[in-house]
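Below, each chain spelled out in residue letters.
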Amino acid sequence: MALAVALLVIMLGAAGCQSVALAPLGQGQAKLALEGDERRLWNRASEEEDRIKRSGLLYNDPSLAEYVNEVAQRVLPKAAKEAGLTVQVQVAKSQALNAFAMPNGALYLHTGILAQMDNEAQLATLLGHEITHVTHRHMVKEFRDIQNKTAAFSVF
């Protein structure tokens, strides 16, 4: 019985370590090279973008959109740009102090957080944070981690 418990502990601990290290987008690759599961996440993100556009939740101000996208382009790492990664910022009508990123480079800023900003440096910091989620592939890493843990738990 003690052996079975020890094996369970070892397998559960190993489940969190099984994810393959992913280099940030643009690092060590001339062009974006997405694996199958990552491509599926990007496709799902594109579907969600379409749904958000149809929802009426986006703030329609072309000059604001141009400005936040200009700042995002300055923050986007050169290596990621050269590899073909693009980011597109949209502003959502919401008083929430929030922003989020899709794995395919779609970034969303809520009007609530924009209203609290005092300067461009704060905007650049927020955009840099969200861009890091994209370039460092946080969503695909989380997805793989969940798959690994689910597989380990399903064994038992």
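Our structure is the block above this text.
Residues numbered from 1 in each chain as written. Predicted model: local features only at pLDDT ≥ 70, side-chain atom pairs only at ≥ 80, totals over all residues. Heavy atoms only, no water.

**Student:** Break down the overall build of the chain for me, citing the residues and quoting the values.
**Tutor:** Looking only at helices and strands, the chain has seven helices and three strands in total. Written out in order from the N terminus, the α and β elements of the chain read α-α-α-α-β-β-β-α-α-α. By the burial criterion, 37% of the 156 residues in the chain qualify as buried. In the chain, of all internal contacts separated by at least 6 residues, the share reaching a separation of at least 24 is 62%. Accessible area of the chain: about 9,400 Å², with a carbon and sulfur share of 58%. (Helix = DSSP H or I, 4+ residues; strand = E, 2+ residues; numbered from the N terminus. Buried < 20%, exposed > 50% of the residue type's maximum accessible area, 1.4 Å probe, protein only. Contact = heavy atoms within 4.5 Å. Areas by Shrake-Rupley, 256 points an atom, 1.4 Å probe, with all protein chains shown as cover.)

**Student:** Summarise the side chain of Asn 69; cite the residues concerned and give the values.
**Tutor:** Mapped onto the fold, Asn 69 is located in helix 3 (residues 62-75). Since its relative accessible area comes to 11%, Asn 69 is described here as buried. If near-sequence neighbours (up to four positions away) are discounted, Asn 69 is found in contact with Val 87, Gln 88 and Val 89.

**Student:** Go over the nonpolar core, please, and point to the residues and values.
**Tutor:** The biggest cluster of nonpolar side chains holds 24 residues, and the ones touching the most others in it are Leu 85, Val 89, Leu 107, Leu 109, Leu 123 and Leu 127. Looking at this core, the elements with two or more residues in it are helix 3, strand 1 (88-92), strand 2 (99-101), strand 3 (106-110), helix 5 (111-115) and helix 6 (120-135). Here the element with the most residues in this core is helix 6; it accounts for five residues. Ranked by size, the runner-up nonpolar core spans six residues in total, among them Ala 45, Ile 52, Met 102 and Tyr 108. (Core = buried A, V, L, I, M, F, W, Y, C linked by side-chain atoms within 4.5 Å.)

**Student:** Could you give me a rundown of unusual backbone geometry, with the residues and numbers involved?
**Tutor:** Only a minority of non-glycine residues have a phi that is not negative, and only a minority of peptide bonds are not trans. Positive phi is not limited to glycine here, since Arg 137 has a value of about 60 degrees. The exposure class of Arg 137 is buried, given its relative accessible area of 5%.

**Student:** I'd like a rundown of the sheet that holds strand 3, residues and numbers included.
**Tutor:** Spatially, 1-3-2 is the arrangement adopted by the three strands of the open sheet, whose pairing is mixed. Strands at the two margins of the open sheet, each flanked by one partner only, are strand 1 and strand 2. This sheet shows a mean twist of 20 degrees between the axes of neighbouring strands, independent of strand direction. Sheet topology places strand 1 next to strand 3; five bridges connect them, and they run parallel. Paired with Val 91 across the bridge in strand 3 is Leu 109. In the packing of helix 3 onto the sheet, contacts are made with strand 1 and strand 3, and the angle to strand 1 comes to roughly 135 degrees. (Pairing = 2+ DSSP bridges. Axes fitted to C-alpha atoms, helices over the stretch in contact; angles between N-to-C directions.)

**Student:** Please set out the side chain of Glu 38 residue by residue, giving values where relevant.
**Tutor:** Its place among the elements puts Glu 38 in helix 2 (residues 36-55). Of note is the side chain of Glu 38, whose polar atom sits 2.7 Å from the side chain of Arg 137. Contact partners of Glu 38, with chain neighbours within four places excluded, come to Leu 25, Ala 33, Arg 137 and Val 140. (Polar contact = N/O pair within 3.5 Å; in protein donor to acceptor, adjacent residues only side chain to side chain.)

**Student:** Can you tell me about the pattern of salt bridges, naming the residues and giving the values?
**Tutor:** Inspection of the entire model under this criterion finds nine salt bridges. Ionic pairing is found between Glu 35 and Arg 144, a salt bridge with its closest N-O pair at 2.8 Å. Placement of the pair is Glu 35 in the loop between helix 1 (2-15) and helix 2 and Arg 144 in helix 7 (residues 138-155), with a sequence separation of 109 residues. Its relative accessible area of 9% is what places Arg 144 among the buried residues. Of the charged contacts, one joins Asp 37 and Arg 144 as a salt bridge, the two residues approaching to 2.7 Å between their closest N and O atoms. (Salt bridge = Lys/Arg side-chain N within 4 Å of Asp/Glu carboxyl O.)

**Student:** Residue-level account of the packing of aromatic side chains, with values.
**Tutor:** If you walk through the whole model with that rule in mind, you get one aromatic pair. Each ring, one from Phe 100 and one from Tyr 108, has its centre 4.9 Å from the other, and the planes form 15 degrees; the classification is stacked. (Phe/Tyr/Trp six-rings, centres within 6.5 Å; stacked < 30°, edge-to-face > 60°.)

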